[in-house]
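As a plain string of letters, each chain reads:
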Amino acid sequence: MALIENREELKNDNSSVTVNLSVDSLQSFLDDAINQHIIPAIGRDTYNLLLSKDFEALSAEETLLLFVQKAVVNFALAYYSNYGSLQLSDSGAHVTQSDGMRAASDKKIMQLRKESFRAGFAALEYAVEFLEKNLATFVAYSASDEHKENRASFINSSIEFSK
């Protein structure tokens, strides 16, 4: 099972996604987001629990899944923004363009990248904060090195800093 399985899940987490963007096109960027951000923050065991999606609707696990999906999609879009219209083939690198659409400006792409990273980190922070408040439910996380590392910070999150 995959964390993000269809366009609807992409669209739920970032409304700028269109029907032309498939999960397959974004898969390597989704994998990068998971490996570089999600697993280091919540641990592989907790991530695997979410992958199983074997829990009741509106449960703590489903709530965590929604936070993590939002983080993954936004991180993936941030990584994708640099390469989205770039296609590599045996004949070289090309930028796709159609009669109805123009390539986005560098300024718009950088704004998308920056905002996607911000949204990804915010969702990931909410996920970790949710895990910390529900340690009894997420036993794998509470016993993980990732939990110990998260709690070892002087200020554990911007949520905590704001308080």
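The following refers to the structure shown. Only a predicted model underlies this, so the values are computations on that prediction, with no experimental measurement involved.

Points about unusual backbone geometry
(1) Moving on: The phi dihedral of K53 falls on the positive side, at around 50 degrees, and the residue is not glycine.
(2) Moving on: Positionally, K53 belongs in the loop between α3 (44–52) and α4 (60–80).

Looking at the packing of aromatic side chains
(1) Moving on: Taken as a whole and judged by the stated rule, the model has 8 aromatic pairs.
(2) Moving on: A centroid spacing of 6.1 Å and a plane angle of 20 degrees characterise the contact between F67 and Y126, whose relative ring orientation is stacked. Placement of F67 in helix α4 and of Y126 in helix α5 (residues 106–133) is noted, with a sequence separation of 59 residues between them.
(3) Moving on: For F67, a relative accessible area of 26% gives the class partly exposed.
(4) Moving on: Pairing F75 with F121 gives two aromatic rings, centres 4.8 Å apart and planes at 80 degrees, and the pair type is edge-to-face. Here the residue F75 occupies a position in helix α4, and F121 occupies one in helix α5, the gap between them amounting to 46 residues.
(5) Moving on: A residue is classified by how much of its surface remains accessible, and F121, at 43% relative accessible area, is partly exposed.
(6) Moving on: Feature note: the residues F67, Y126, F130 and F138 constitute an aromatic cluster, connected by ring pairs.

Thoughts on the pattern of salt bridges
In a structure, side chains of opposite charge can pair up when their charged atoms sit close to one another.
(1) Moving on: The full count for this structure, using the stated rule, is 5 salt bridges.
(2) Moving on: The partner of R151 in a salt bridge is E132, with the nearest N and O atoms 3.6 Å apart. Here the residue R151 occupies a position in helix α7 (residues 145–151), and E132 occupies one in helix α5, the gap between them amounting to 19 residues.
(3) Moving on: Judged by relative accessible area, which is 37%, R151 ranks as partly exposed.

Rules and cut-offs
- Residues numbered from 1 in each chain as written.
- Predicted model: local features only at pLDDT ≥ 70, side-chain atom pairs only at ≥ 80, totals over all residues.
- Heavy atoms only, no water.
- Helix = DSSP H or I, 4+ residues; strand = E, 2+ residues; numbered from the N terminus.
- Phe/Tyr/Trp six-rings, centres within 6.5 Å; stacked < 30°, edge-to-face > 60°.
- Buried < 20%, exposed > 50% of the residue type's maximum accessible area, 1.4 Å probe, protein only.
- Salt bridge = Lys/Arg side-chain N within 4 Å of Asp/Glu carboxyl O.

Function cannot be read off these values alone, since they describe shape.
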